[in-house]
Structure formats: C-alpha cells, structure tokens
Amino acid sequence: VFELVCDRCGARHDASHYRLHCDRCGGLLDIEYDVAPTVEFRVLKDFGGLRRYAPMLPIGNAARLVSLGEGDTPVVSLPAVGAALGLGRLSAKLECCNPTGAFKDRGSAVEVTVLRELGIEAVADIAGGNTGVSLACYCARAGIRFIGFAYEDPRHPQLQAIAGTGAEMHRIEGNREACAAAIADFCRDTGVLNLRYSRNAYFIEGQKTFAYEILEQLDALPDHVVVPVGNGSLLLGSWRGFRELLQDGRAATMPRLHAAQSAAFQPLVAALHGTHWRAEPRADTLAVGLRASEPPRLDALVSACRESGGQAVAVSDNAVAHWQRRLAELEGLLVEPTAAAPLAAAEILARRGDIGSDEHVLVALTGSYKQPTSPRS
Ligand SMILES: [Zn+2]
C-alpha cells in the first residue's frame, strides 16, 4: 500500500509497474506509504533480518521477501581506532557481513522482491562493483534473468562473480556512458527491463533498515553517523529511516549524518558548500565505491546532510589507505578501501571540532576485503 511520488513536482503515480521517472516532469520518485501518521512503527519480531520490517517496506508480505539472510549486521566498538582518532566512543556497523559482502544487499533484497512481485522475468543493468554482484545474486535467487553489461576487464573478480551466477554478460568497449547507451539499445530491441538501479526508490527503501537496526541494537542513537557516499543510497536510506523513527516517536533526536567522499569525486561536498566542481577527465580513486561524479539524487543528499546537521568531507586516497591499514592492525577488521573512507572523514571532522571527543560516532564499514579494488579501464 504505497505510491510513487515525484521528488520535484509532487505528482503521484501508482506502483503497479516499474517506474523510474515522473510522467509529468521527469523527476525521480520517492515512495510514500498509505499509513496515518499515528500508526506505530511495527516490527515483526518473529522474523530475522529485513523481514521483520516488512510493514515499513514496499514488499507487502514478509514471507515474500527475496532473502539471502541480509541485515542484522553486528555493531562493534572500535576503541583503539577511536583513541587514534581522538574519539572516546567510536563504533562500527559491519555492513561487510551481508551475504555478498556489502551493504547493497539490503537494497537488492527489496528491489528484487518488487521486481518479482511485478512479474518481471529479465533485467539489464551495468555489471560491476558491489552493486552488480549483489543484484546478480538476488536475481539468481529470485529466478530473474540478470543481463549484465560490463566495460571493465572481464577477468575482474567481481565480473567473474556476476558471471558465476549464470548472468548473461555483454562486454562493451568504452566507458560507463557507452555502457548505458548499449543497455538502452538492447532493452529497446528486446523488451527487457532497463533496471537503472541507482535511480529507483526501492533500493533506497531497503537501505533504511540500516537505521532501524541501529535503534534496536543501541540503547540510544549515536550522535554522529558517517557513511561513504558515491551515489549515496546508504545516506538517503539512513535519512529516511531515522526520520521515520523520529516521526513515530521511537527516537528523540536525529543523528548528524556525515558523508565521506573522495578528493577525486566530491559532487556532494561542492553542492553542500555551493561551490563549483567537475571531475577531472581521468579522475580515479582507490575507494572505488566513491567513483560517482553525478549522483542522480544530489539535491536529496544535500538535504540529508543539511537537515540532519551533518557535513560532507572529501578524503584523500592516502588517508583511506592509512585507516584501512590501521583498522586491520588495531581492531582486526579487514575491509575494502571504500569502507575505510568514513574513518578518514571522522579524522577531519574531529580535528575541525564538528565531532566532540566525548560524542558517540558510528561508522558504516560497507564492504569486505573480498570485494577487491578494480583497475581503471
Ligand atoms: Zn514530477
């Protein structure tokens, strides 16, 4: 029981088929639930993982969730890294413990469930990165054909993982834009759904369970939450989730939501400060999850930071590599470079005084070391 509402003009659309854009103005769509504001935030305690939040997700019946066991990721304290950062209370939510090794599984579970409920049998999208692996795995589970278009070296481990799910793979010469154009052509010719995961609202709805779990796991919400932001689905999901908890009276205050971006890709930092920024022609970063020069929901990302009182910070590859190494040495946690970016951002925020030394800071460790850094094609 939900509708798709345009984030630009407010036009409402029914959700009976897969829709990415507003018919009236072309804006992106958000999900709005048909519940009275006084309805209590409901949790189904009999289920584990995302299933227990089904009443707050666009999936209807909890039993129908396409699940690989995502969610319920641990929160652990990071006392030694906290001390190195000058922070008395630092903890991490281990999103790298999700089934495919990345936080993306929350979004994939909800999105692929919606695809199956809509009767969609095949989808095409760019194959690569943690999202590609995650979507391919959930499609395999749901019996949906995943057709991946890749512009990176096919020997790349993540592409091999995607192909390993039985996905049909197409190799494209050129860059991401060439890949998107090839997918559009393919989908027009074949009638296969062009998924464009980074634009749809379902993926973000799955990510908001990150916020719900934090409330259930901790006695009080942290003062600050720091997440890596490429296209920003985790930041947007956190913002939606924490806002719902506030509206339902289950939480008293919103944590400050901070974005960790890369020095090479900082569209949100620029937008938040009203400055001009463009990616260099051959821009790259060790933190591959931060390679996004035009996040489709940039305005909403700005709102998430601004309205929660958070900041966006650009971090260097050196700082990312440093904190990735220190996290392993001091706490025994092995993560991919992107996952260490929030620690590099927390260092800057603490130095500037945006984070107090006695405040509780929670970082998302978003991806495991099993998802390797990809070479730039
Ligand atoms: Zn519109």
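In what follows, the structure referred to is the one given above.
Residues numbered from 1 in each chain as written. Predicted model: local features only at pLDDT ≥ 70, side-chain atom pairs only at ≥ 80, totals over all residues. Heavy atoms only, no water.

Visitor: Got a sec to walk through the coordination of the zinc ion? Specific residues and values, please.
Guide: For the zinc ion, the protein coordination sphere consists of Cys6 (SG), Cys9 (SG), Cys22 (SG) and Cys25 (SG), at 2.3 Å. If you look at the zinc ion, its four donor atoms make angles of 98 to 115 degrees with each other, and the shape they trace is tetrahedral. Within one chain, the residues donating to the zinc ion are spaced in sequence as C-x2-C-x12-C-x2-C. Given the relative accessible area of 5%, cysteine 6 is considered buried. The exposure class of cysteine 9 is partly exposed, given its relative accessible area of 34%. (Donors = N, O, S within 2.8 Å, 3.2 Å for Na, K, Ca; no water. Tetrahedral: all angles 85-135°; square planar, octahedral: opposite > 155°, others 65-115°. Buried < 20%, exposed > 50% of the residue type's maximum accessible area, 1.4 Å probe, protein only.)

Visitor: Describe empty space enclosed by the protein, with residues and values.
Guide: The final tally for this structure, using the stated rule, is one cavity of 30 Å³ or more. There is about 30 Å³ of room inside the largest cavity. Taken together, Leu4, Arg19, Leu20, Leu29, Arg199, Asn200, Ala201 and Arg297 form the lining of the largest cavity. The residue inventory of the lining of the largest cavity, partitioned by class, reads four nonpolar, one polar and three charged. (1 Å grid on protein atoms, 1.4 Å probe; cavity = no way out; pocket = protein on both sides within 12 Å on 5 of 7 lines; lining within 4 Å. Points joined across faces, edges and corners; volume = space filled by probe spheres on them. Nonpolar A, V, L, I, M, F, W, Y, C, P; charged D, E, K, R; others polar.)

Visitor: Explain the sheet that holds strand β7 (residues 145-150) residue by residue, including any values.
Guide: Read across the sheet, four strands follow the order β8-β7-β6-β9 without closing on themselves; strand pairing throughout is parallel. Strands with a single pairing partner mark the edges of an open sheet, and in this sheet they are β8 (168-171) and β9 (193-194). One ladder, built from two bridges, connects strand β6 (residues 122-126) with β9; its direction is parallel. Counted as the bridge partner of valine 123 is leucine 193 from β9. (Pairing = 2+ DSSP bridges. Helix = DSSP H or I, 4+ residues; strand = E, 2+ residues; numbered from the N terminus.)

Visitor: An account of the nonpolar core is needed here, citing residue identities and associated values.
Guide: Nonpolar side chains in soluble globular proteins tend to end up buried together. In terms of nonpolar packing, the biggest core is built from 74 residues, with Phe146, Leu235 and Leu268 touching the most fellow members. In this structure, leucine 235 is in contact with Val227, Val229, Leu257, Ala259, Leu268, Leu301, Ala304 and Cys305, ignoring residues within four places of it in sequence. Core analysis: the second largest hydrophobic core is formed by 34 residues, Val315, Trp323, Ala340 and Ala345 among them. (Core = buried A, V, L, I, M, F, W, Y, C linked by side-chain atoms within 4.5 Å. Contact = heavy atoms within 4.5 Å.)

Visitor: A description of the pattern of salt bridges should follow, citing residues and the corresponding values.
Guide: According to the stated counting rule, one finds 21 salt bridges in the structure shown. Between aspartate 354 and arginine 352 there is a salt bridge, and its shortest N-O distance comes to 3.3 Å. Aspartate 354 gets classed as partly exposed once you look at its relative accessible area, which sits at 23%. Via salt bridges that share partners, Lys93, Glu95, Arg106 and Glu213 belong to a single interconnected network. (Salt bridge = Lys/Arg side-chain N within 4 Å of Asp/Glu carboxyl O.)

Visitor: Run through the state of the cysteines, naming residues and quoting values.
Guide: In total, this model carries zero disulfides according to the counting rule given. Free of any disulfide, cysteine 97 has its nearest neighbouring cysteine sulfur in cysteine 96, separated by 4.7 Å. Classification of cysteine 97 as partly exposed rests on a relative accessible area of 48%. (Disulfide = S-S within 2.5 Å.)

Visitor: I'd like a rundown of helix α10 (residues 298-308), residues and numbers included.
Guide: Within α10 the residues assigned to the buried category are Leu301, Val302, Ala304, Cys305 and Ser308. Along the long axis of α10, the arc covered by the buried residues comes to 160 degrees, so they all point the same way. In this structure, α10 carries Asp299, Arg306 and Glu307 as exposed residues pointing more than 90 degrees from its buried face. Turning to α10, the residues buried within the fold contact α8 (233-247), β11 (256-262) and α9 (267-273). Two residues or fewer after α10 comes glycine 309, characterised by a positive phi angle close to 80 degrees. (Arc of directions from axis to C-beta.)

Visitor: A description of the sheet that holds strand β2 (residues 12-13) should follow, citing residues and the corresponding values.
Guide: Here we have three strands laid out as an open sheet, ordered β2-β1-β3, and antiparallel in their pairing. Each end of this open sheet is capped by a strand with a single partner; those strands are β2 and β3 (29-33). In this sheet, β2 lies alongside strand β1 (residues 2-6) in antiparallel orientation, the contact comprising two bridges. Following the sheet pairing, valine 5 is matched in β2 by arginine 12.

Visitor: Describe the side chain of histidine 360, listing the residues and the values that go with them.
Guide: Looking at the secondary structure, you find histidine 360 in strand β13 (residues 360-364). For histidine 360, a relative accessible area of 9% gives the class buried. When near neighbours in sequence (up to four residues on either side) are disregarded, histidine 360 contacts Arg89, Ser91, Leu218, Pro222, Asp223 and His224.

Visitor: I'd like a description of the packing of α8 against α10, backed by residues and values.
Guide: The interhelical angle for the contact between α8 and α10, taken along N-to-C directions, is 55 degrees, at an axis separation of 10 Å. One way to sum up the angle between α8 and α10 is to call them oblique. Helix-helix and strand crossings are classified by hand; for α8 and α10 the assignment is left-handed. Two secondary-structure elements touch here, α8 through Leu235, Leu236 and Trp239 and α10 through Ala300, Leu301, Ser303, Ala304, Cys305 and Glu307. A breakdown of the residues in the contact of α8 with α10 according to their chemical character gives seven nonpolar, one polar and one charged. (Axes fitted to C-alpha atoms, helices over the stretch in contact; angles between N-to-C directions. Parallel < 35°, antiparallel > 145°, perpendicular 65-115°, else oblique. Left-handed = near helix turned anticlockwise from the far one by under 90°.)

Visitor: Explain the packing of aromatic side chains to me, and be specific about the residues and the numbers.
Guide: For any pair of aromatic rings, the description rests on two quantities: the centre-to-centre distance and the angle between the ring planes. What the rule picks out here adds up to six aromatic pairs. Measuring from centroid to centroid gives 6.2 Å for phenylalanine 2 and tyrosine 33, while their planes differ by 55 degrees, and the two rings are tilted. Within this pair, whereas phenylalanine 2 is found in strand β1, its partner tyrosine 33 is found in strand β3, the two being separated by 31 residues in sequence. In this structure phenylalanine 2 comes out as partly exposed when scored by relative accessible area, which is 21%. (Phe/Tyr/Trp six-rings, centres within 6.5 Å; stacked < 30°, edge-to-face > 60°.)

Visitor: Pulling in residues and values, what's your account of the pairing of strand β5 (residues 89-93)?
Guide: Burial runs high along β5: four of the five residues are buried. As judged from the three bridges shared by strand β4 (residues 75-77) and β5, these two strands associate in the antiparallel manner. Bridged to serine 77 within β5 is serine 91. Pairing of β5 with β13, which is carried by five bridges, proceeds in the parallel orientation. Note on β13: the bridge partner recorded for arginine 89 is histidine 360.

Remember, this is a structural readout, not a statement about activity or role.
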